[in-house]
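Understanding the architecture of this molecule
Below, each chain spelled out in residue letters.
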Amino acid sequence: MSRSLWTALHDRLHQTIRQRALFAPHQAILIAVSGGQDSLCLARILVDLQPKWNWKLAIAHCDHRWRPDSQATADHVAALAIAWNLPIYREVAESIPKSEAEARVWRYDVLSAIAQAEGYSAIATGHTASDRAETLLFNLIRGSGADGLQALGWKRLLGSTLGLVRPLLETTRTETGKFCQAAELPVWDDATNQDLRYARNRIRHEVLPYLETHFNPQTERHLAHTMELLSADVEHLEQQAAALREQAMGDRSLEAIGLNRRILGQASLALQRRAVRQFLQQTLQFSPNFAQVEKVVSLISAPNRTRTDPFLKRAIAEVDGDWIWINDLPRSPHS
Ligand SMILES: Nc1ncnc2c1ncn2[C@@H]1O[C@H](COP(=O)(O)OP(=O)(O)OP(=O)(O)O)[C@@H](O)[C@H]1O
């Protein structure tokens, strides 16, 4: 099942993994394989690179029960894993996810649970430069800021000992397709990828080809580069904002939680927004929207005693001299 060959893509991936420190030698890596060309290409190349790195590899497949052939897809992926002498972990959704977003949350939960239970410290996915270009366009038309536009990064922590790694971010879908053909990899065609009712697919099959024909034949690569640049910028800003938040939070031994607005006031608006968002995420354990962050940011220069409307019906932010305090409201018995 598949033909062994060494390609320029093997060399490129080996270099990328080394230069970006994506995986360490001897690391245990769980490869998330949908059966499509991107994740099959990734799995095959990691299997071929394995002797150089001594990784412990395995394959995981999640069956969303979305299509009539979904069990056949899972069997197909399992057969491939067995042919390559790799352990295979399969999970079937108890209830069918109602949206792409719900499926994604379930999939990452399942992959993380398998990795943690079986001792894998990385999950590798087959996201490509093409996914980056599509995600960038998709989020751009929804009005995302830099954070949304750089959504697909090389490495992300899923827990204290588990990382999500995307080694193919410099490889396009055309390249993974060519590789699968040359290596005779049995790609499972997912018919929903052609379905133009999904916005993602319209971007892939209509918008990008239009831009490439009428504006710039390298559009896909250029958009992926834009995401790469934004990714590094956002990482830097997040680190700076974390330092500002730490400084502005002052003495943590106090019972109340607050931010010092004199310290925040000396920083740029970009860092103020990020520090406030991080602070709300950390203290209230929810992801604030744009308007909620703006309200708290406006308190930095507001008159004493100004207060916001309740967040999530349970907390308010209020100015007291140099401080913005977050007060948890007493819960009503009906909330
Ligand atoms: N059913 C599946 N089982 C295992 N892994 C999967 C499955 N579906 C997707 N993946 C992994 O996720 C990668 C991206 O897949 P796809 O682009 O279809 O999903 P997505 O929902 O856009 O992903 P994400 O939400 O992570 O951006 C695949 O290359 C593969 O590694």
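The rules behind the values
Residues numbered from 1 in each chain as written. Predicted model: local features only at pLDDT ≥ 70, side-chain atom pairs only at ≥ 80, totals over all residues. Heavy atoms only, no water. UniProt positions renumbered as here; feature names shortened; annotations may be inferred. Near = heavy atom within 4 Å. Polar contact = N/O pair within 3.5 Å; in protein donor to acceptor, adjacent residues only side chain to side chain. Areas by Shrake-Rupley, 256 points an atom, 1.4 Å probe, with all protein chains shown as cover. Helix = DSSP H or I, 4+ residues; strand = E, 2+ residues; numbered from the N terminus. Nonpolar A, V, L, I, M, F, W, Y, C, P; charged D, E, K, R; others polar. Phe/Tyr/Trp six-rings, centres within 6.5 Å; stacked < 30°, edge-to-face > 60°. Buried < 20%, exposed > 50% of the residue type's maximum accessible area, 1.4 Å probe, protein only. Contact = heavy atoms within 4.5 Å.

In the annotation of an unreviewed UniProt entry, the entry for the protein reads tRNA(Ile)-lysidine synthase, and the organism field reads Myxacorys almedinensis A. For the record of the protein, the UniProt heading Catalytic activity (unreviewed entry) holds the text "cytidine(34) in tRNA(Ile2) + L-lysine + ATP = lysidine(34) in tRNA(Ile2) + AMP + diphosphate + H(+)". Its UniProt record, at the heading Sequence similarities (unreviewed entry), says of the protein: "Belongs to the tRNA(Ile)-lysidine synthase family."

1. Looking at the site of the ligand
In the vicinity of the ligand there are 14 residues, among which Ala-32, Cys-62, Arg-104, Tyr-108 and His-127 approach most closely. Between the ligand and the protein, one listed contact pairs an oxygen atom with a backbone N or O atom of Ala-32 at 2.6 Å. The separation between an oxygen atom of the ligand and a polar side-chain atom of Tyr-108 is 2.3 Å. Protein chains shield 83% of the accessible area of the ligand, which is 610 Å² for the free molecule. Those elements that place two or more of their residues in the shell around the ligand are β2 (56-63) and α4 (100-118). The class makeup of the residues in the shell around the ligand is five nonpolar, seven polar and two charged.

2. With respect to the packing of aromatic side chains
The final tally for this structure, using the stated rule, is five aromatic pairs. Here the aromatic rings of Tyr-89 and Tyr-120 are separated by 5.9 Å at their centres, their planes lie at 75°, and the arrangement is edge-to-face. Placement of the pair is Tyr-89 in strand β3 (residues 88-92) and Tyr-120 in the loop between α4 and β4 (122-124), with a sequence separation of 31 residues. Across this residue pair, the class does not change: Tyr-89 and Tyr-120 are buried. A centroid spacing of 5.1 Å and a plane angle of 10° characterise the contact between Trp-323 and Trp-325, whose relative ring orientation is stacked.

3. Structural notes on the UniProt feature "binding site: ATP" (unreviewed entry) in the protein
The feature "binding site: ATP" (unreviewed entry), as annotated in UniProt, sits at Ser-34, Gly-35, Gly-36, Gln-37, Asp-38 and Ser-39 in this numbering. If you trace the backbone, Asp-38 turns up in helix α2 (residues 37-53). Given a relative accessible area of 13%, Asp-38 falls into the buried group. In contact with Asp-38, other than residues within four places in its own chain, are Gly-126, Thr-128, Asp-131, Leu-168, Arg-173 and Thr-176. Counting through the fold element by element, Ser-39 comes out in helix α2. Judged by its relative accessible area of 5%, Ser-39 falls in the buried class. Setting aside chain neighbours within four positions, we find Ser-39 in contact with Ala-32, Val-33, Ser-34 and Gly-126.

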